[in-house]
Each structure stands twice: as C-alpha cells, then as structure tokens.
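What the coordinates show
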Amino acid sequence: MRRVALALLGPTASGKSALALRLAERLALEIVSVDSGQVYRGMDIGTAKPSAAERRRVPHHLIDIVDPSESYSAGRFRADAIDAVSAVLARGRLPLLVGGTMLYYRALAQGIDALPAADPALRAAIAREASRAGWPALHAELARIDPQIARRVEPNDAQRIQRALEVYRASGRPLSELHTAPRQRPPFALASCALVPADRALLHRRIAERLDRMLELGLVDELRALRRRHGLNPALPSMRSVGYRQAWGFLEGAYGEREMRDRALAATRQLAKRQLTWLRSMSFDAVLDPFERGASERWCELAQSLAREARADRRRARQRALRMG
C-alpha cells in the first residue's frame, strides 16, 4: 500500500468539515481529527463535533478519546494520529486529517521536541501565580528567560505561557533551546491543503453565526452538565477551550450572558487570527480560499490530484532506493 495521507487545515468556521464530507462522497476515506477540543468526551456543542449521522456516514478517529478532566498533549496526539492513519492505510482506505489545531499538525508532520512531561504540581503553582499577578506578568517573566518564545505568545495566552514556564522550571532550559533537537518524520507521506479565506469579514460573520448556534443549542447547559459529571477546574486544558472558558466565567457569576457572548466572540476571532498566522508560517502543497465560488469542487479535484502526486513521488523514491541498493 502506498502510504499517503491527505491533510486539510484551516481556521475555525472555514468549512473544513463540510469539505471533508464532500470529498468522502468521491473517495473511500476515513477522517482523522486534528482538533484539541474534539478529543474530549461530552464537549460536543462547543467544539462543533461531527454529528452522530456524519460519523456513521464517514468513519472519524481521535474524537471522544479522553474525559475533559484529563490532559491531552501534542505528543500524545502524534502517537495516536500515527496509529490511526496507519490503521486506515492498512484497511486500504485514504486517511484525511482535518482540523485547526496547528500545533498538533506540526507535531505530526515535523516531529516533536523532547520536552519534560507535564508536572501537575508545577503547573498548579504557575496558575496560582497567574491568579495573583495576571498572565501578562508571567509573560514578562517568560520574556526575560526565553524572549524568542515570548515574541510568539500573546500576553494573555495562558496555556502557552504556562507550558513554557513549566518547561523552563522543570528542565532549567528555555523552550526555544529544546526546540532545536532533531525530529522524526511520520511513517507516511502527507499531501496537505490549507484553507485561507481572502474575505476576513465573511470569516468573522461565520464565526459569529456559529457561536450563536452553539449558544442556542445549549453550550452553557452542556458545560453545566460536564461540571456536575467530572471534577473540572478552569485551569484544565479542556476548560481553556474557546467558548467553554467564557461559559465557565458566566456560570461563576463573573459576568452576564451578553458579556459572555462578546468575550467568546472576541476570543474566537483571536483564535482564527492565530490559526491563520500558523498557516502562513507552514508549508503546504496547495492553498484554497474556502469561500470562493466553486471551492467545493476545486477542493475535490485538488485532493485527488495531491493524493496521486504524493503516491507517485513515494513510488519514485522507492525505485531510486532499490536502484541504489
């Protein structure tokens, strides 16, 4: 079997899932999620998780694999994704990686640094410092010890600031230094397409419409039920997800429903901005505007072409290796 996986990456609300399902009408494929929120059981509304009907129609992987009380890392995703893609290939089907968690995709495509394991006690201590001084103050500390990483992290990006400080305090070495270690590529080729909307205003409208649908469907009630069922706290990676983080503040009485919606909207727009920044910094085989006329048809043609080209490249590489051997 020629080991090739397709990848479709894009910002939130850019239509990735619809394009993936459209391609499934033409090819025998299975979808591997690249979404740091959809891994959590019960977090359905706020992560725009594929419906039960969609998952019956096309097999999906790396969805509902951990409880929201657990942590899930890029390293664990890489191992799980390699296993999932390899299993799809073994069945003679085409894997399609779909999502917007660019850190996860980069970990899969480029390998991952040998970083210290998560330390719950150290992480909790950093969270307590942030509660007293605020994340911008900890960002300033990060700027002193690791200016290279600090330049790439927003002053209120709690998760990334916490992890960078945790790595430094656990290892005594800045995260940017550990990023220089050699990495291992996945055991299959990746043919990738990035969705980059040219009309940012349209993307923002779609973000607002999707957020309002989530609220109408019961995002707050979903979080309320999760809090009853699991021992959750706001520092957990699952509860830092956009939408859930703002709903948590609403349930705690920090602000009203209107402010919750405004905060969630602003945070989702910032997320999309970060995702687009990631996309511009990465290399892809093709770039597509998901909102242009005929985008769905163009994606199907692109995907099939990318799969053919990647398979041909891999076949030629094997033939060269055989001749040299």
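Here goes a summary of the coordinates provided. Quantities reported herein were computed from a predicted structural model and do not represent experimental measurements.

A probe matching the size of a water molecule, rolled over the atoms, marks out where space remains unfilled. In this structure, the second largest pocket spans a volume of roughly 420 Å³. Taken together, 19 residues form the lining of the second largest pocket, with Tyr 105, Ala 109, Arg 185, Leu 190 and Asp 285 sitting closest to its centre. At the level of elements, helix H4 (102–110), strand S5 (189–195) and helix H14 (295–324) are the ones that each hand at least two residues to the lining of the second largest pocket.

Here the focus is the side chain of Ser 33. Mapped onto the elements, Ser 33 comes out in strand S2 (residues 29–34). A polar contact of 3.4 Å, which involves the side chain of Ser 33, links it to the backbone nitrogen of Asp 35. Excluding residues that lie within four positions of it along the chain, Ser 33 makes contacts with Gln 38, His 61, Leu 62, Ile 63, Phe 77 and Val 98.

Glancing now at the packing of aromatic side chains. Using the criterion set out here, one finds three aromatic pairs in the structure. Ring geometry for Phe 77 versus Tyr 104: centroids 4.8 Å apart, planes at 20 degrees, classification stacked. Of this pair, Phe 77 sits in helix H3 (residues 74–90) while Tyr 104 is found in helix H4, placing the two residues 27 residues apart along the sequence. We note that Phe 77, like Tyr 104, is buried. Connected via pairs of aromatic rings, a cluster forms that spans Tyr 72, Phe 77 and Tyr 104. The ring centre of Trp 248 lies 4.4 Å from the NZ or CZ of Arg 227, which sits over that ring.

We now examine the nonpolar core. Judged by nonpolar contacts, the single largest core of 55 residues is most densely connected at Phe 77, Leu 97, Tyr 105 and Met 239. Residue assignment for this core shows that the elements contributing at least two residues are strand S1 (4–9), S2, H3, H4, helix H10 (200–217), helix H11 (219–229), helix H12 (244–251) and helix H13 (257–281). Residues in contact with Leu 97, not counting those within four places in the same chain, are Ala 5, Leu 6, Ala 7, Leu 8, Val 32, Val 34, Val 85, Leu 108 and Leu 190.

What counts as what
Residues numbered from 1 in each chain as written. Predicted model: local features only at pLDDT ≥ 70, side-chain atom pairs only at ≥ 80, totals over all residues. Heavy atoms only, no water. 1 Å grid on protein atoms, 1.4 Å probe; cavity = no way out; pocket = protein on both sides within 12 Å on 5 of 7 lines; lining within 4 Å. Points joined across faces, edges and corners; volume = space filled by probe spheres on them. Helix = DSSP H or I, 4+ residues; strand = E, 2+ residues; numbered from the N terminus. Polar contact = N/O pair within 3.5 Å; in protein donor to acceptor, adjacent residues only side chain to side chain. Contact = heavy atoms within 4.5 Å. Phe/Tyr/Trp six-rings, centres within 6.5 Å; stacked < 30°, edge-to-face > 60°. Buried < 20%, exposed > 50% of the residue type's maximum accessible area, 1.4 Å probe, protein only. Lys NZ or Arg CZ within 6 Å of the ring centre and 35° of its normal. Core = buried A, V, L, I, M, F, W, Y, C linked by side-chain atoms within 4.5 Å.

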